[in-house]
Amino acid sequence: MSSQSFEFNASNLEAWQKAAIKSAPGGDVSALNWKTPDGIIVKPLYTAEDTANLPYVNTLPGFEPFLRGPQATMYAVRPWTIRQYAGFSTAEESNAFYRKALAAGGQGVSVAFDLATHRGYDSDHPRVEGDVGKAGVAIDSVEDMKILFNEIPLDKVSVSMTMNGAVLPVLAGYVVAAEEQGVSQDKLSGTIQNDILKEFMVRNTYIYPPEPSMKIIGDIIEYTAKNMPKFNSISISGYHMQEAGANQALEMAFTLADGKEYVKTAIAKGMDVDGFAGRLSFFWAVGMNFYLEIAKMRAARLLWCRIMKGFDAKSPKSLMLRTHSQTSGWSLTEQDPYNNVVRTTIEAMAAVFGGTQSLHTNSLDEAIALPTEFSSRIARNTQLIIQEETHITSVIDPWAGSFMMESLTQEMADKAWAIIEEVEAMGGMTKAVDSGWAKLKIEAAAAEKQARIDSGKDVIVGVNKYKLAKEDAMDSLSIDNVKVRDGQIERLKHIRATRDGAKVQGALTALTDSASSGQGNLLELTIQAMRLRATVGEVSDALESVYGRHRADTQKVTGVYAAAYDSAEGWEQLQKEIAEFADHHGRRPRVMIAKLGQDGHDRGAKVVATAYADLGFDVDMGPLFQTPEECARQAIENDVHAVGVSTLAAGHKTLVPAIIAELKKQGADDIIVFVGGVIPRQDYEMLYDAGVKGIYGPGTPIPASAKDVLEQIKKAVA
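Since this is a predicted model, take the numbers as computed values, not measurements.

All told, the structure shown has 50 salt bridges when counted by the stated rule. Across the pair arginine 452 and glutamate 448 runs a salt bridge, and its minimum N-O distance is 3.4 Å. With a gap of four residues between them, arginine 452 and glutamate 448 both fall in helix 17 (residues 437-454), about one helical turn apart. Under the relative-accessibility criterion, arginine 452 is labelled buried at 11%.

See below:
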């Protein structure tokens, strides 16, 4: 048979379509299409016709527009950097983890800070009693930083720090710790996240309002460009957007639009674009939509090159998008958790095929707690196996020329560019964030996704399909929050007793004056204050006295969950029961969804509030960062039947019993308390003993939790 028989042509395609019609459901070939969460139609078959008119198919890696990778040889010469993002309660424990990880094949350090540090509070502040040392390491001063990096040579090891709100004292503390280790600023390499616009949209670890926050970012870009040429002054992050519910197109569009805004900010300070743009980096989430994640990373490089050309950037380093990636934490499941090893491997492969420059792989137990040493080793070895055993690194951009991947890359680029143009029409990302529009877009995507999972439309193995009849208990890491906080308070007392208080106050006053006048560089002044042993909280307070502390609106989307929930019978029955309750009691069941402490991760809270409202509950949203006392007072004033506490940052053992005690103290122990989120099963008994009426861990269908809450309310009012 001649090779001519195998060539693609119109008659071959027609023959395929006839064959496909015979086997397609209902004889409809379009039923084989997959509509992505981004609204892109992915076909089961792609041909040369799909790429015939694409402009960038024949480009090369290392050359404009960098679609195939920012470096010419990519992993064939140097694989991506293996990072281990971690922070464990104290600087001592975190340092021990980093040193072990580096000895076992890690190639850089990525620091996770606790929420008290993120929000600019010292560990002895009364608002952070339940947060110190939880979900990251507590850092109050240079002394903590010196312990954190003890025996880690900062002139050789790249350090990435996820910090945005308290970015000035944390970055300054790192610089001073390095100086006292004998490492000058020009030798430091790594990245500070420094991406505040994303915080206002999703993660909420901000301190100051948007405008002064942008001033801080500009000062950091300016200072590092002059003094820290190897250090990335900003990591523009889409990761937390996807974790909060954004689909891939939204994540890419909003992240690139944020980057555009930061470039404008630096240029407005009088900086030349090629003087700083080469040290901007990006940070993507990589989830379970394998093809989309690869296409997203390729498309993002294409669009960033286009954006920077618009700023008249000339240097290739200014035009190329470099990125760190992290596998999804949200995709990890509490149920059947060893499946998470497979999920993380698939996501790591997507990141590598997409061309990441560094990668963190999540551990299998992170759906319920900080990772153990055992699970961290598996996560790290996942990357080592891909690098060392598979030969994947031998080929640069192996998806190049794929009819499907090239077409999908262009569709992702077009979809994201349309959103970027929408943002520009509003006046840029700062205005899109200020208006609340961007946040609501992400929350709507999150509600829709959760509804598809709860109705079984989207399969999660071990959660809504192929479930185990019995789940085995799993060991998880537990942090003694009280012990950590006591230790930090003692260190703070010692620092304050042994430093020159007058000089510290003078440095803090200089910071306040700079914030007030707009003159001087805030990072430079913060470094001077931290050298004198000012604390993270004192620096933050010095600026807050001028800038104030930002408070977010508590808007919620409506109708989105109900529209996407694909199981009408159970839904309608529950709506009927809620209506019957209202008829009988003269009002609908009323719940307040609350976040306590400094945990700003509000995806779960917002999705639950949306779904409960769609079902017919009256729903109040408590403001972020409430104390148990404030939450109890609002619940009583709003006359709610129940308070639902959403927790993702391990503060449940302290804060949930505290809200129950406060309700009782204020004479409202008839208000029931339920809890949802990241809660290890070994903590359930303690919470029930404290008086919790319902616990709904990851993977609980929202209608199931709503039915249970309704039954508990009925009992309470009977």
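This brings us to the packing of aromatic side chains. Per the stated rule, a full pass over the model turns up 22 aromatic pairs. Seen in terms of ring centroids, phenylalanine 282 and tryptophan 284 are 6.1 Å apart; in terms of plane orientation they differ by 20 degrees. Their pairing is stacked. Over the ring of phenylalanine 625 we find arginine 119, and its NZ or CZ is 3.4 Å from the ring centre. One residue, arginine 306, lies across the ring of tryptophan 417, its end atom 4.6 Å from the ring centre.

Two elements in contact, helix 19 (residues 501-517) and helix 20 (residues 522-531), have axes separated by 9 Å at closest approach and are oriented at 170 degrees. In terms of axis orientation, helix 19 runs roughly antiparallel to helix 20. Judged by the twist between their axes, the crossing of helix 19 over helix 20 is left-handed. Residues Ala507, Ala510, Leu511, Ser514 and Ala515 of helix 19 pack against Leu522, Leu525, Thr526 and Ala529 of helix 20. When its residues are assigned to classes, the contact of helix 19 with helix 20 shows seven nonpolar, two polar and no charged.

Here glutamate 64 and proline 65 are connected by a cis peptide whose omega angle stands at 0 degrees. Looking at where proline 65 falls in the secondary structure, it is placed in the loop between strand 2 (41-42) and strand 3 (81-86). Of note, the phi angle at arginine 533 is positive, near 80 degrees, even though the residue is not glycine. Tracing the backbone through its elements, the reader meets arginine 533 in the loop between helix 20 and helix 21 (536-547).

Moving on: the pairing of strand 10 (residues 323-327). Across the five residues of strand 10, five count as buried, placing the element largely inside the fold. Side-chain alternation along strand 10 places Thr323, Ser325 and Thr327 on one buried face and His324 and Gln326 on a second face that is also buried. Relative to strand 10, strand 9 (residues 280-286) runs parallel, the two being bridged by five bridges. Residue pairing across strands places phenylalanine 282 opposite threonine 323, the latter belonging to strand 10. Pairing geometry for strand 10 and strand 11 (residues 358-360), over three bridges, is parallel. The residue of strand 11 that forms the bridge with glutamine 326 is histidine 360. Assessed by its sense of winding, the connection that carries the chain from strand 10 through helix 13 (residues 339-354) to strand 11 is right-handed.

This part takes up the pairing of strand 8 (residues 234-237). Burial along strand 8 is two-sided: Ile234 and Ile236 facing one way and Ser235 and Ser237 facing the other are all buried. Examined bridge by bridge, strand 8 and strand 9 share four bridges and lie parallel to one another. What sits directly across from serine 235, in strand 9, is serine 281.

What counts, and where the lines are drawn
- Residues numbered from 1 in each chain as written.
- Predicted model: local features only at pLDDT ≥ 70, side-chain atom pairs only at ≥ 80, totals over all residues.
- Heavy atoms only, no water.
- Salt bridge = Lys/Arg side-chain N within 4 Å of Asp/Glu carboxyl O.
- Helix = DSSP H or I, 4+ residues; strand = E, 2+ residues; numbered from the N terminus.
- Buried < 20%, exposed > 50% of the residue type's maximum accessible area, 1.4 Å probe, protein only.
- Phe/Tyr/Trp six-rings, centres within 6.5 Å; stacked < 30°, edge-to-face > 60°.
- Lys NZ or Arg CZ within 6 Å of the ring centre and 35° of its normal.
- Axes fitted to C-alpha atoms, helices over the stretch in contact; angles between N-to-C directions.
- Parallel < 35°, antiparallel > 145°, perpendicular 65-115°, else oblique.
- Left-handed = near helix turned anticlockwise from the far one by under 90°.
- Contact = heavy atoms within 4.5 Å.
- Nonpolar A, V, L, I, M, F, W, Y, C, P; charged D, E, K, R; others polar.
- Pairing = 2+ DSSP bridges.
- Right-handed = clockwise from strand over helix to strand, strands pointing away.

As far as function goes, none of this settles anything; it's purely spatial.
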